[in-house]
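Structural description and commentary
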Amino acid sequence: MNKIFSKIIPFLLILFISAAGYAQVKVVWKQVQPGIWKSVVGEPEPISLLKAAQAKAYEAGFASLPATSFPLDKNEITVTQRDGKIYLRFPLQQEEKIFGFGLNFKTVNQRGRILNLHVDHYGGADNGRTHAPVPFYVSSGGYGVLIDVARYMTVYAGTAVSVNTKHPPRLYDRNNDKDWSAQPYSDAVEILIPAQGLEMYVIAGPTPMHVVQRYNLMNGGGCLPPKWGLGFTERVPTLFSQAEIIREAKMFEEHDFPLDFIGVEPGWQSMSYPCTFEWDKERFPDPQDFLKKLSAMGIRSNLWLNPYVSPRASLYPGMKKLSGSHTVWNGIVPDFTLAQARKLIKDHFFRHHLELGVSGYKIDEIDGYDKWLWPDVATFPSGYTGEQMRQVYGLLLQQMTAAWFKERNQRTYGLIRASNAGASAFPYVIYNDYYSHRDFITALINSSFSGVLWTPEVRASETAEEWVRRMQTVCFSPMAMLNAWADGTKPWSFPEVEKAVKDVADLRMQLLPYIYSTFAQYRFEGKPPFRAMNLLTGFDFGETNVEGKLDGTKNPYAMSIKKDINDQYMMGDNILVAPMFTGEKSRKVHLPEGKWYDFYTGAFAGEHEIINITPGLDKIPLFVMDGSIIPMIAARRQAPTPESKDQLIVRHYGKAPGRFTLYDDDGVSFDYEKGACTFITLSVIRNSSGDLVGSMTRPAPGKPFAYTNDVKWVFMTENKK
Ligand code: GAL
C-alpha cells in the first residue's frame, strides 16, 4: 500500500503543478570555467547575447584567480516556467549591494530598482533602457549572475517581497512608526523573461573584482586597443571635405596638440541616413590620396556609419532579400546573422575602405529611439524577431567588423552606440548624444561592471570652465575624444583655458605606458581599465542615507534616497580620479584604505577618509596609492609606434616599496597573441641606507619594447621631504 502511495504522490504533484499552470524547474549547475557555473533552462533560443558575440573564453587568464566554490545556496535559486515565460529568483542578503545591469547613468547600487533591460538610447532615467542593458549583476557579496537570452526582461533588483519569504520585512504601522517605509525589505532579485528557454551563469569571486574578471575572461578577456587608439582623437564637422580634414590635421600640428586619429562623420558618404557606404565624389574626390596624406602625418582614420542601406547604394540590390521587413530612414536593415549578408558587406568594405587604409568605424544609431528603429513587429529572413535583433544588433556589428581587422592582423579601435553581454573583447567604446557631464562619469563607473567601455565625449560647452572640466575627464577615459561633428569646436576653442586643455591632453600622452599596461590587465586578467570604487577591496564608507522627508506633493511616501559614490573612479590599480564639474570650487573625495598621495605634488592627501579639496581650474584631481609606481614618458603628439624608443620616466609615490608590471608589444598587430610581447617588472625597494631605489627587469632579446634602458626614476614623495 505504502509503495503504491509513494509512486502516486509525485504523479499527483505534477498534475497539481500543471493544473495550476506553472512548473518549478529543477536547476542543474555545471561548472564551465573555474568559478563559473552554467544552468540551462527550458529550450534556449538559437540566438542569444553570447551566441551573437561569439565570445570564446580566454582560459589562460583564469590561472591566477583564487579557487572558489559555488557562491550561493543552490536551494535558494528558483526557476519557474509559466505562460511561455521564465521566472527567476536569486537570494539576497541584508547587507548586499547590487551593481551592474548595464550602462546606467545615475545610480551605481541597483538594489531597490526595477529595470526593463532593453537596448535603447538613454532617455534620462535608469530604467533599464540603455545602450548596453547587460543582464549581469555583481554583488558586493562577491558573486555575479548572468542571464544569456536575447529578450527584453524585467528585473526586480531587491524590490519584490513574496508571501513565503524566509526573511520577511518588519511590519510597521504608517500611522505611528517613523520607520515605516514605502519600500519594505526584499531578500531577492527576481527576473521575468518572456522566453521558452535560456542559459544562466553564476560567477564566483571571492571579491567583486574577481567576479568581473571571470566575467570578462569568459568573454575572451578585455580588448587591447592599438596604441594609437589611446591617443587623442577629433571627429570633424559632418560636411568637411578631404582637403578641409587635412587642413584640420595641420592645425593640430601648429597648435602642437596631440592627434592620433580623425573621425570622419556622415559626409564622407554620397548619402547618409540611409547610407551608401560609398565615398562622396565631390567632398572626397580621391580617398586613397586622402588616406595616404593622413598616414604621412601619422594619423589614422575612423569612418562614421549607420547600417541602414540606402536604395542608392550599390549594395542595395544584393542586400534587399537579406534584410528585415521594415526600413530605418528608408534604408533596409541587413540581417547580419546571415552569412551571405556578412559576406556582401565585407567584400564592399574591404575593397573600398580597409584596403585603402581605413583604420576603424563609428557604428551609430543601432540602439534605439523606438520611432526610428525597426519596430518589434519587424521580421527578419533568418526568422529572428525584431526584439531579438534589437538586443543583439550592436553585438553582431562589433563581432563582424572586429573580425575583419583581425583577419588583416591589424588592431582597430572604434565607437559603437549599442552593446550587450559578451562584448568585453570587442575594440569598441560606447558613446551617446546625451550630454550630462556628471552622468557621463557615472556611466564610466558603471561600464566597469558590465564588460563595456564608455567615453564621456566632449562636443561643445557654454563656458571655458565647462570646456576644461569636460576635457579633463575625457582624457581620463578609454577614448580621449572631441566630437566636433555639429559645432566644429577645437581643443583651443576657449583661449582662457587653452593651456589647461593642452596640459591634460599632454598628461594623457605622458601616461600612455601606464594606460597601456592597464589595458593589458583588461586583456589578460579581465580587470577593467576604468573602475568603480566598489571594485576595490577595502573601499567601504557605508551608505550615505539621505532621509526622504514626507511631503504631500513631491514625496508622499517619504521615500529615502540612498546616495552612492558616483563621481570618482580608478584608472588602473593606482590612480584615483576625482573629476570636477562646472560650478564646483571644491569637492569631497573618498580615499580608500591605505595612504594616498597627490599625483602632481607627491604630498600626503589622506588615509581611508573623506577629504575636502579645493583644486584650481587647471588640473583634474588625481590621487595615488602608497607605494605606487607610475610609468610615464615625455609628452608626444602621437602614441609610440613599433619603431619609436622613449625614455621611461617612472614615478614612485609614498613611502612603501612597490612593484608594477609594465606591458609592451608592437601596439598595432595581434602578434602579441603569439608571444611577441613583453612583461617587465618595475620595482622600488628601500636599500640598507634607508633610501628608496628603483630597478627594472630587462625585456627578453628580440621582443618588442618601445623604451630605452636608461630609466629616469622620480620619487615624488620622498624627494619632497
Ligand atoms: C549622431 C551621433 C553623433 C554624430 C551624428 C552625425 O547619431 O551620436 O555623434 O555622429 O549622429 O549625424
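Residues numbered from 1 in each chain as written. Predicted model: local features only at pLDDT ≥ 70, side-chain atom pairs only at ≥ 80, totals over all residues. Heavy atoms only, no water.

**Brief notes about the nonpolar core**
Ranked by internal contacts, the top residues of the largest apolar core, which has 180 residues, are Tyr 361, Trp 374, Phe 476 and Leu 511. Sorting elements by how many residues they give to this core places helix 8 (residues 386-407) first, with nine residues. In this structure Phe 476 touches Leu 444, Val 504, Leu 507, Arg 508, Leu 511, Phe 530, Tyr 569, Met 571, Val 577, Ile 620 and Leu 622, once residues within four positions along its chain are discounted. Within the second largest apolar cluster, 31 residues are counted, among which are Leu 115, Ile 191, Leu 198 and Ala 204. (Core = buried A, V, L, I, M, F, W, Y, C linked by side-chain atoms within 4.5 Å. Buried < 20%, exposed > 50% of the residue type's maximum accessible area, 1.4 Å probe, protein only. Helix = DSSP H or I, 4+ residues; strand = E, 2+ residues; numbered from the N terminus. Contact = heavy atoms within 4.5 Å.)

**Re the packing of aromatic side chains**
Tallied over the entire structure, the rule returns 51 aromatic pairs. Note that Arg 651 overlies the ring of Phe 599, its terminal NZ or CZ placed 4.7 Å from the centroid. (Phe/Tyr/Trp six-rings, centres within 6.5 Å; stacked < 30°, edge-to-face > 60°. Lys NZ or Arg CZ within 6 Å of the ring centre and 35° of its normal.)

**Overview of helix 11 (residues 498-510)**
For helix 11, with 13 residues, the first-to-last C-alpha span of 18 Å sits near the 18 Å given by 1.5 Å per residue. Listed in full, the buried residues belonging to helix 11 are Ala 500, Val 501, Val 504, Ala 505, Asp 506, Leu 507, Arg 508 and Met 509. On the buried face of helix 11, the contacting elements are strand 14 (232-235), helix 10 (464-474), strand 23 (480-483), helix 12 (512-525), strand 33 (622-625) and strand 34 (629-632). (Expected span 1.5 Å × (residues − 1).)

**With respect to the site of the ligand**
Lining the immediate environment of the ligand, one finds Glu 265, Pro 266, Tyr 273, Trp 304, Lys 362, Asp 364, Glu 365, Arg 417, Tyr 431, Asp 433, Asn 483 and Trp 485. Taking 300 Å² as the accessible area of the ligand by itself, protein coverage stands at 95%. Residues belonging to the shell around the ligand are distributed by class as follows: five nonpolar, one polar and six charged. (Near = heavy atom within 4 Å. Areas by Shrake-Rupley, 256 points an atom, 1.4 Å probe, with all protein chains shown as cover. Nonpolar A, V, L, I, M, F, W, Y, C, P; charged D, E, K, R; others polar.)

**Description of the side chain of Asn 534**
With respect to the secondary-structure elements, Asn 534 resides in the loop between strand 24 (530-532) and strand 25 (544-546). Beyond its immediate stretch of four places on either side in the chain, Asn 534 contacts Phe 99, Val 108, Pro 208, Phe 449 and Phe 539.

**Things to note about the pattern of salt bridges**
Within this structure, the stated rule accounts for 43 salt bridges. Among the salt bridges present, the one from Lys 527 reaches Asp 573, with a minimum N-O distance of 3.7 Å. You can see Lys 527 sitting in the loop between helix 12 and strand 24 and its partner Asp 573 sitting in the loop between strand 27 (569-571) and strand 28 (575-577), a full 46 residues away along the chain. Judged by its relative accessible area of 18%, Lys 527 falls in the buried class. Overall, Asp 573 belongs to the partly exposed group, its relative accessible area being 30%. Here Lys 595 makes a salt bridge to Glu 607, at a shortest N to O gap of 3.9 Å. Here Lys 595 is found in strand 30 (residues 595-598), whereas its partner Glu 607 is found in strand 31 (residues 604-607), with twelve residues between them in sequence. Through salt bridges with shared partners, one network takes in Asp 364, Glu 365, Asp 367, Arg 417 and Asp 433. (Salt bridge = Lys/Arg side-chain N within 4 Å of Asp/Glu carboxyl O.)

**What to know about the sheet that holds strand 9 (residues 136-139)**
Strands sit in the order 2-3-13-10-9-6 across an open sheet of six strands; the sheet is antiparallel. Across the chains shown, the open sheet's two edge strands, defined by having one partner strand only, are strand 2 (30-33) and strand 6 (98-100). Direction aside, neighbouring strands of the sheet carry axes that sit 30° apart on average. Where strand 9 meets strand 10 (residues 143-148), four bridges bridge the pair, whose relative direction is antiparallel. (Pairing = 2+ DSSP bridges. Axes fitted to C-alpha atoms, helices over the stretch in contact; angles between N-to-C directions.)

**Things to note about the packing of helix 9 (residues 437-447) against helix 10**
Between helix 9 and helix 10, the shortest axis-to-axis distance is 11 Å and the interhelical angle comes to 10°. Overall, the two elements helix 9 and helix 10 adopt an arrangement that is roughly parallel. The residues of helix 10 that touch helix 9, namely those facing His 437, Phe 440 and Ile 441, are Arg 469, Arg 470 and Thr 473. Considered class by class, the residues forming the contact of helix 9 with helix 10 number two nonpolar, two polar and two charged. (Parallel < 35°, antiparallel > 145°, perpendicular 65-115°, else oblique.)

**Details of the environment of Ser 688**
Relative to the helices and strands, Ser 688 is located in the loop between strand 37 (677-686) and strand 38 (692-696). A residue is classified by how much of its surface remains accessible, and Ser 688, at 82% relative accessible area, is exposed. Between the C-alpha atom of Ser 688 and that of Ser 39, which follows or precedes it by 649 residues, the distance is 57 Å.

**A word on empty space enclosed by the protein**
A full pass over the atoms with the stated rule returns five cavities of 30 Å³ or more. Here the largest cavity defines a volume of roughly 60 Å³. As for the largest cavity, its lining consists of Lys 227, Leu 230, Leu 512, Pro 513, Tyr 516, Pro 640 and Tyr 707. A breakdown of the residues in the lining of the largest cavity according to their chemical character gives six nonpolar, no polar and one charged. (1 Å grid on protein atoms, 1.4 Å probe; cavity = no way out; pocket = protein on both sides within 12 Å on 5 of 7 lines; lining within 4 Å. Points joined across faces, edges and corners; volume = space filled by probe spheres on them.)

**Comments concerning the domain arrangement of the protein**
Under the domain assignment used here, the protein contains domain 1 (22-218), domain 2 (227-531) and domain 3 (629-715). A C-alpha centroid distance of 30 Å is found between domain 1 and domain 2. Taken together, the two surfaces of domain 1 and domain 2 that pack against each other cover about 4,100 Å², and 59% of this comes from carbon and sulfur. Across the contact surface, domain 1 and domain 2 share four salt bridges. Here Asp 120 and Arg 390 are joined by a salt bridge, their closest N and O atoms 3.5 Å apart. Breaking the side of domain 1 that touches domain 2 down by element, the ones donating at least two residues are helix 2 (49-53), strand 6, strand 7 (113-119), strand 9 and helix 3 (208-218). Ranked by residues supplied to the side of domain 1 that touches domain 2, first place goes to helix 3 with six residues. Its residues assigned to classes, the side of domain 1 that touches domain 2 shows 30 nonpolar, 13 polar and five charged. (Domains from an automatic or database assignment. Buried area = accessible area lost by both parts, 1.4 Å probe.)

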